[in-house]
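# Observations on the three-dimensional arrangement
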Amino acid sequence: MSLRELLLAAEAGGAAGGAAGGEEEVCVVGIFGKTALQLCSEKEALVSTVCDRQVFPLFPEEDPELADGAAGQDGDPATKDYNQLQAYYSQESRVLYLVLTSICDTPQLLRACGDLAAAENREAGPGHPSGGPAPLPHAEAHEFWKHQEKLHCLSLLYLFSVCHILLLVHPTCSFDITYDRVFRALDGLRQKVLPSLKAAIKDCPVGKEWKLNCRPCPPRLLFLFQLNGALKVDPLPSRGQDPCGHLEKPPPKKHSPKRRLQHALEDQIYRIFRKSRVLTNQSINCLFTVPANQAFVYIVAGGPQDGDDPVAMLLDQLRSNCTMRETDSLLAPTLSGPRRYQMMRHGRQQLSFHAESSSSSSSSSGQLVDCTLKEFLWQHVELVLSKKGFEDSVGRNPQPSHFELPTYQKWVAAALKLYEVTIEGKDDDPTCGELSSKIMSSIKVLEGYLDIDTKFSENRCQKALPMAHSAYQSNLPHNYTMTVHKNQLAQALRVYSQHARGPAFHKYAMQLNEDCYKFWSNGHQLCEERSLTDQHCVHKFHLLPKAGEKPEADRNPPILYHNSRARSTGACNCGRKQAPREDPFDIKAANYDFYQLLEEKCCGKLEHINFPIFQPSTPDPAPARDEASPAPPEGEMEKLKEKEPQTQGESTGLSLALSLGQSTGSLGTYPPDAQGAGDNAESHGQSGDSKGEKRPSLVDRQASTVEYLPGMLHSNCPKGLLPKFSSWSLVKLGPAKAYNFHTGLDQQGFIPGTNYLMPWDIVIRTRTEDEGDLDTNSWPAPNKAVPGKRSAVVMGRGRRRDDIARAFVGFEYEDARGRRFMCSGPDKVMKVMGGGPKESALKALNSDMPLYILSSTQGRGLKPHYAQFMRLFVVVPDAPLQITLTPQVQPGPPPCPIFYPEKQEITLPSDGLWVLRFPYAYVTERGPCFPPKESQQLMSYKVLRGILKAITQ
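All values reported here derive from a predicted model rather than from experimental measurement.

## Points about the overall build of the chain
Within the chain, the regular secondary structure consists of 23 helices and 27 strands. In the chain, which comprises 953 residues, the proportion classed as buried is 46%. Looking at the chain alone, contacts between residues at least 24 apart form 76% of all its contacts between residues at least 6 apart. For the chain, the computed accessible surface area is about 48800 Å², with 53% contributed by carbon and sulfur atoms.

## Some remarks on the pattern of salt bridges
Applying the stated criterion across every chain yields a total of 16 salt bridges. Arg530 is the salt-bridge partner of Asp534, the closest N and O atoms lying 2.5 Å from each other. Judged by its relative accessible area of 12%, Asp534 falls in the buried class. On the accessibility criterion, Arg530 (29% relative accessible area) is partly exposed. For Glu812, the salt bridge identified is with Arg871, shortest N-O distance 3.1 Å. Of this pair, Glu812 sits in strand β14 (residues 804-815) while Arg871 sits in strand β19 (residues 866-876), and the two are 59 residues apart along the sequence. In terms of burial, Glu812 and Arg871 fall into one category: buried. Through salt bridges that share partners, Glu812, Glu814, Arg820 and Arg871 make up one connected network.

## Topic: the pairing of strand β4 (residues 165-170)
Taking burial as the measure, the six residues of β4 include six buried ones, the bulk of the element. In this structure, strand β1 (residues 27-33) lies alongside β4, joined through five bridges in parallel fashion. The residue of β4 that forms the bridge with Gly33 is Val169. Sheet topology note: the β4/strand β5 (residues 220-226) ladder contains six bridges and is parallel. Note that in β5 the partner of Leu167 across the bridge is Leu222.

## Considering the nonpolar core
With 102 residues, the main nonpolar core has Phe32, Phe183, Phe223 and Trp411 as its most contacted residues. The contact partners of Phe32, leaving out residues within four places of it in the chain, are Lys43, Leu100, Leu156, Leu159, Phe160, Leu166, Leu167, Leu168, Val169, Tyr179, Phe183 and Leu221. If you look at the next biggest cluster of nonpolar residues, it comprises 85 residues, including Ala579, Met822, Tyr920 and Ile947.

## Some details on the packing of aromatic side chains
Aromatic ring pairs: the centre-centre distance and the angle between the two ring planes describe each pair. Summed over the entire model, instances satisfying the criterion amount to 35 aromatic pairs. Relative to Tyr708, the ring of Phe614 lies with its centre 5.7 Å away and its plane at 50°, an arrangement referred to as tilted. Of this pair, Phe614 sits in the loop between β9 (607-608) and β10 (622-623) while Tyr708 sits in strand β11 (residues 707-708), and the two are 94 residues apart along the sequence. Comparing Phe614 with Tyr708 shows no difference in burial state: the two are buried. Through pairs of rings, three or more aromatic residues link up here, namely Phe32, Phe160, Phe175, Tyr179, Phe183, Phe223, Phe225, Phe273, Phe288 and Phe296.

Conventions adopted
- Residue numbers restart at each chain and count upward from 1, following the sequence in its written direction.
- For a predicted model such as this one, the threshold for reporting local features is a pLDDT of at least 70, and the threshold for listing and counting side-chain atom pairs is 80 or more; totals across whole chains, interfaces and linings nevertheless cover every residue.
- Just so you know, side-chain values use all the structure's heavy atoms and leave hydrogens and water out.
- Helix and strand assignments follow DSSP, with helices taken as H or I runs no shorter than four residues and strands as E runs no shorter than two, numbered in order from the N terminus.
- Burial classes: relative accessible area under 20% of the type maximum marks a residue as buried, over 50% as exposed, and values in between as partly exposed (1.4 Å probe, protein chains only).
- Whether two residues touch is decided by their heavy atoms; if any such pair falls within 4.5 Å, the residues are in contact.
- Note on areas: these come from Shrake-Rupley sampling with a 1.4 Å probe, and a residue is covered only by the protein chains present in the view.
- One side-chain nitrogen of Lys or Arg within 4 Å of one carboxyl oxygen of Asp or Glu is enough to make a salt bridge.
- Strands are treated as partners if at least two bridges between them are detected by DSSP.
- The nonpolar core is taken to be a set of buried Ala, Val, Leu, Ile, Met, Phe, Trp, Tyr and Cys residues, with the residues joined through side-chain atoms within 4.5 Å.
- A pair of aromatic rings is counted whenever rings of Phe, Tyr or Trp (Trp by its six-membered ring) have centres within 6.5 Å, and the orientation is called stacked for planes under 30 degrees apart, edge-to-face for over 60 and tilted otherwise.

Next comes the structure, spelled out in structure tokens:
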């Protein structure tokens, strides 16, 4: 039965195992060690051998109840204890056997591995990306097995505290040197928990010496090794062979090979334990003792003939019975049938489960007869039962060790208390719970002895940490961003992984991560905010001032405004005045505040066309939620790109083609049918008006007065929302005659020869009585010029000035240094030597103009300077036509949205020089659209074609 059941039954008053009243004195023998992988090699078979009966079942149940508290724990295998203590009391010999089964035994090892595999399957689950169970990390697996080894040491400590004799079983014939480390760990643990063990048994009915030393005596440790066929003995010669042969054999030795191996192992074990100070001269101070004048090593000859594996033994017996020998062939004629079979069967070795030596024939050759396992064990048991004790101290002045032979009930009382505090860990009893917690906290003493891998790994990882720290801090500025921190951390981890090894790798890698983060956040953290031009703030980590609060640089963290130390020069809304500007970090400072400051000095008295903005109806309006403006699907984005720009571009192209006709240069010839051209233009204007009626603009809808748009208006915005301010500006510089075709614009910052507007000739319809005068089939009237002659436009007195109206268009770009220039087409900077530009504006109006272009004057550095499309100049003539402005900007590659003003279609009044100022920065609810960093991406940043439409009246 299990030890727990035996102790509880004895405490309840029953004489377990047949002990009459529990007053018999008992000798306690503990058995522990390792077992082989073959069948029936468990330690329980040794008890059956000594007792000459089958004590424990030959084939135990698959899942026996774990009596040490591990039963019923089906969760985490790390919380289970796979150590199992079984007990058997032999009434005839008055010996109590305690057998410890742990993960060193095959059944428990298989159970632990099965629980680990089941835990991996539960953690992986059916939806694991790898499609199978995730392997347990090396550090966790190492911790699990070392934890089980510590629990095994607690069970061994219990055995060394309650047993008189301990039998160590090993499945090979060589000593396992790891036991030296285990015994030193046990000795250190015992010295650490000795006060707790004394407090546990202070009220038990045992002797004073037992209470003082927490054990009945220093236990004697015996060793049992199994050969498993490793020791080869020459077989005896057969009858027909000469015993000596032609070679002289050496005379037989006094001891058999097994006895000589036994002596060699005893000398080796004793020297090892003496060198490591596990064994000393005074046995009372040792964890265990070994006899000085008695054998303490026994060797069991392995193999199927000795009963270790019953299945293999039966097969060997069957094979032997079915094999005919030479001597049997002589008897074959005389004996036959059942008589011959019985003779052959009795002539073989009988079935035996006793681990005894079969070398009785050695006695005839002069060698000493090897004793059996029971005889080997009983010479030590008799010393206990006769109350002589063990006198195993050596040296000049050996001190006698204490010895006590308890009765069964006294031993149960002490053993139950120790079982509760060391193995079971009861918490219901306050005293036992406190002692158990002290013992479990002292288990860390074992780490220095048992967990050598972790100790080496920690030492190695601790040496690698300073090198990793140096790699992290190399070439670092005083303040740096998260990106630099991650790059340096990756370099530090790379150096760390080159030197660190073992199960502590992950632990110290996490510590390295924490150390680097603490170093970065302790005064070295740079502000992560980037300006709208993609420049970092140069301040260290700081807070922004609240409303009405002044900046304080001395506070920790400081209260400062963002600053990238990047300054640029910009012009006002109309372009007549330039001023330096700070690098903006918010959309209001970029597109509104800077221009409002210059508005008071320059543009305030000019005529404006204001764009609709948010008008709150509540004192605390809220910004629109981000989830209300999801990114459009790819299909809708393609439709948006293909539909809107191309429709407007086609209408503009059609009107421009009608207005241009066959003209070349600044003044061209009329089309063959000017009347038809006018009709087409009128019909096109009507179609444009009807299309405008079908698609009402955002202003025509009812705008929200509760929620405002936090960013700018673009194609992905929810309908019915307006921003608090407009990022666009439309200003009238003066009448149409304010622009001089020959001298260009008279404003600051323009590169010489680039301040001209391109002409745009628009065909309009005449509304006079003599419309037929322009018919090519009729004669021209007097004083009327021929349509094909250019001089008619300049010198004639006819109606040609009403048939063609000339507008002027200019696409202005401005770089960060305040240098401005016009472009006559995509990627083509205007260059006029004098007399005005010769190129028409049609090419630019029919093309997608780039939003950014390489500046015409680059600096000395390698970094390119870009100029941004900032203003559109339009000279609207005093003529019967309407010029509609529909600006659309896509400041990035798809799926970047399309930005437009709060009023999508703006009709410019006639006879005026108008300036449309574009936003300095483009921002959505999800963040800013940064300028390009590579020249290859410039074509993705564009102002869509169709920005101007001409409609005749």
